[in-house]
Every structure is written in structure tokens, then in C-alpha cells.
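Per-entry structural report
If you want the building blocks of each chain, they are given just below.
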Amino acid sequence: MSISGDDVTIEEGVEVDPSARIHAREIRLGYGTKIGARCIIGPCERFVTGDHCMIGHDSKLLAAGGYDIGDYVTLHNHLFSNGGARCRIGHNVWIGQNCILNVDADLTIGNGVGIGTYSSVWTHARHGEALEGCLISKSAPVTLEDDVWIVGCYTSISPGVLLGERAVVLPGSVVTHDVVKGDVVAGCPAKKMDMKFYEELTSEEKWERLKAFAKEFGGPVTIDVLNQQLHMGDGEKRTTFDLTTKTYNKQRTPLEVEFMRFLLYAKARFVPR
């Protein structure tokens, strides 16, 4: 294991495979984070992860501007990321194996985003010879807002694209234009489909589902019906999951971590407040 930087913080429970290398000016590995065999991270400006992240074996994160990664983020094996700008990844993100995250311009990935295997996100398009009159040479930031779902595999996101909150991209698509919040797109180039991936739920219906999840979990959970909250633990170490804000007060207790892992990624996603 090789970790080198000017400002290095490693929280409790971190596991870095001996064959991994991390080189950044600022390094912070959050509580319980795991980095797999033969991973290469940097050299870059900063590499900061939240708690309970996993970076799979043989991944390479090489963007010079660095990475800011939230809690409970899974980056599966053989991820490749490079470029000169900065990548920001929110909480509860899942990215499948063999994906490409290009960071020639800034790349922003919101909370709860899911990206299927063998997919690629590009912030640049450049190869044709300018001397011979090529018209395509572009770098532009890409943003995937909260809860974007890139389904399945073999999808490509083009430079400058914004995918709105809860946008869904079906397998094998090439996305060349912005996608409006909640739209489902497919094809090459991707076009809007007449499909729905979400139903409208009332606050009470969501509460009933959350209570059912708590019952299925089976742990010592207290239900606050009036405020639509779940409580775990006592005193200063009590964790409260608030449905109205989809947040929780992170305490890092074993019960809290177990419940979060039970919910993720498809039952419910809460972010720390």
C-alpha cells in the first residue's frame, strides 16, 4: 500500500489493499471505506471519500483536479477516470464495473445516481485533425442530477449534457442533448420515450412503505408517527431518519450502518444532514 500526500486523514475501519496506490495533495478516507487491489488514485489535487465507500479492484482514478465522494458510494471494479478537471460524486451512488468517467471538464454526479456497467460519461470529444478541417473539438461540463438512473449497460453520455433529476436512460443509448427532469430516453441518439419509471405517492403512502421497510429490517426501531420519523438508539447516539427531508443525523453506530445498507440502493436513500 502506498499513500502519499501533504494532508492525509484516514478514519477508523478503512481497508486499503496493499497493492493500491493513492497520491494526492489532500487525502481523506472516510470511516469504513474499502479500496481494492491494484487501484491507482492520482496524482491529483485531492481525494476525499465519505463513510462506507467501496472502490473495486483495478480501478484507476486519475483526474488531476481530484475527487470529492459522498457516503455509501460504490465504484465497481475496473472503473477508469481521467482528465484535468474535478469530479464530484454525491451520497448513495452506485457505478457498475468497467465504466468510464471522463473529467476533461468538471463532472458532477448527484445523490442517488445509478450508472450501469460498461457505460461512459464524456466531458470531451476530440480526435479529428484540426489541420484537415475537423469541426468537432469540445470540452464541456456534465451534470447528472439527483437520482438519475442509467439503466443496464453500454450507454454513452456526451459532453455538455445535463440529465435532470430522476431522468432515466435505457440501455445502449447515446445521449447527446439535455434530458428533462423525470423523462425516460432511449436510442442512438437518445429520444424521449412514452414510459414511466415512477408513480406519484402521497406522503402517507411513502410513510407506510418506510414503516414496512423498518418492520422487514426487524431491528430495534422506534416509529414516530406524528413526525414521520424512525429512531434508533438512545441519547446522544440516537439516529433519526426523517421522511419529510429524506435526511438522517449520522452517528456511525453499527445499527445505523446496518439499516442504511439494508435500505440501499433500491429501497430508500437518505443523506446525512
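Residues numbered from 1 in each chain as written. Predicted model: local features only at pLDDT ≥ 70, side-chain atom pairs only at ≥ 80, totals over all residues. Heavy atoms only, no water.

To continue, consider the pairing of strand β30 (residues 239-242). Side-chain positions along a regular strand alternate between the two faces of the sheet. Burial of β30 is two-sided: the residues Thr239 and Phe241 facing one way and the residues Thr240 and Asp242 facing the other way are all buried. Pairing geometry for strand β29 (residues 229-232) and β30, over four bridges, is antiparallel. Each residue of the ladder has a partner; that of Leu230, found in β30, is Phe241. Hairpin connection from β29 to β30: six residues lie between these consecutive antiparallel strands, with Gly233 at a positive phi of about 85°. Where β30 lies against strand β31 (residues 247-248), two bridges are found, and the strand directions are antiparallel. Looking at the pairing, Asp242 lines up with Thr247 of β31. (Buried < 20%, exposed > 50% of the residue type's maximum accessible area, 1.4 Å probe, protein only. Helix = DSSP H or I, 4+ residues; strand = E, 2+ residues; numbered from the N terminus. Pairing = 2+ DSSP bridges.)

Looking now at the environment of Thr143. Relative to the elements of secondary structure, Thr143 occurs in strand β20 (residues 142-144). What makes Thr143 partly exposed here is its relative accessible area of 24%. In sequence terms Thr143 and Val161 are 18 residues apart; their C-alpha atoms lie 6.7 Å from each other. With near-sequence residues (within four places) excluded, Thr143 lies in contact with Thr108, Val161, Leu162 and Leu163. (Contact = heavy atoms within 4.5 Å.)

The next thing to look at is the sheet that holds β30. With mixed pairing, the five strands of this open sheet are ordered in space as β28-β29-β30-β31-β32. Only two strands of the sheet have a single neighbouring strand rather than two, namely β28 (221-224) and β32 (271-272). Across four bridges, the pairing between β28 and β29 is antiparallel. Paired with Val221 across the bridge in β29 is Met232.

A few words now on the sheet that holds strand β7 (residues 54-55). Reading across the sheet, the ten strands line up as β3-β5-β7-β10-β13-β16-β21-β24-β26-β27 and stay open at both edges, with mixed pairing between neighbours. Whereas interior strands pair on both sides, the edge strands pair on one side only; in this sheet they are β3 (15-16) and β27 (190-193). Across four bridges, the pairing between strand β26 (residues 184-187) and β27 is antiparallel. Among the inter-strand pairings, Gly187 is bridged to a residue of β27, identified as Ala190.

Attention now goes to the environment of Ile10. Mapping Ile10 onto the fold places it in strand β2 (residues 7-10). Take Ile10: its relative accessible area is 45%, and that puts it in the partly exposed class. Between the C-alpha atom of Ile10 and that of Thr49, which follows or precedes it by 39 residues, the distance is 10.0 Å. Excluding anything up to four places from it in sequence, Ile10 contacts Ile3 and Leu29.

Two elements in contact, helix α1 (residues 203-217) and helix α2 (residues 254-263), have axes whose closest approach is 11 Å; the angle formed by their N-to-C orientations is 115°. Taken as a pair, α1 and α2 cross one another with a handedness that is right-handed. Residues Phe213, Ala214, Glu216 and Phe217 of α1 form the contact with α2, whose own contacting residues are Leu255, Glu258, Phe259, Phe262 and Leu263. Of the residues assigned to the contact of α1 with α2, the class counts are seven nonpolar, no polar and two charged. (Axes fitted to C-alpha atoms, helices over the stretch in contact; angles between N-to-C directions. Left-handed = near helix turned anticlockwise from the far one by under 90°. Nonpolar A, V, L, I, M, F, W, Y, C, P; charged D, E, K, R; others polar.)

Attention now moves to the packing of aromatic side chains. Using the criterion set out here, one finds nine aromatic pairs in the structure. The interplanar angle of 25° and the centroid separation of 5.3 Å between the aromatic rings of Tyr118 and Tyr154 together place this pair among those described as stacked. Placement of Tyr118 in the loop between β16 (114-115) and β17 (120-121) and of Tyr154 in the loop between β21 (149-150) and β22 (156-157) is noted, with a sequence separation of 36 residues between them. Residue classification places Tyr118 among the partly exposed residues on the basis of a relative accessible area of 42%. On the basis of an interplanar angle of 85° and a centroid distance of 5.4 Å, the ring pair of Trp149 and Phe197 is categorised as edge-to-face. Placement of Trp149 in strand β21 and of Phe197 in the loop between β27 and α1 is noted, with a sequence separation of 48 residues between them. An aromatic cluster is built from Phe217, Phe241, Tyr248, Phe259, Phe262 and Phe270, whose rings are joined through pairwise contacts. Directly above the aromatic system of Tyr198 lies the positively charged group of Arg166, at a separation of 4.4 Å from the ring centroid. The ring of Phe262 has Lys267 sitting right over it, with the charged end atom 4.5 Å from the ring centre. (Phe/Tyr/Trp six-rings, centres within 6.5 Å; stacked < 30°, edge-to-face > 60°. Lys NZ or Arg CZ within 6 Å of the ring centre and 35° of its normal.)

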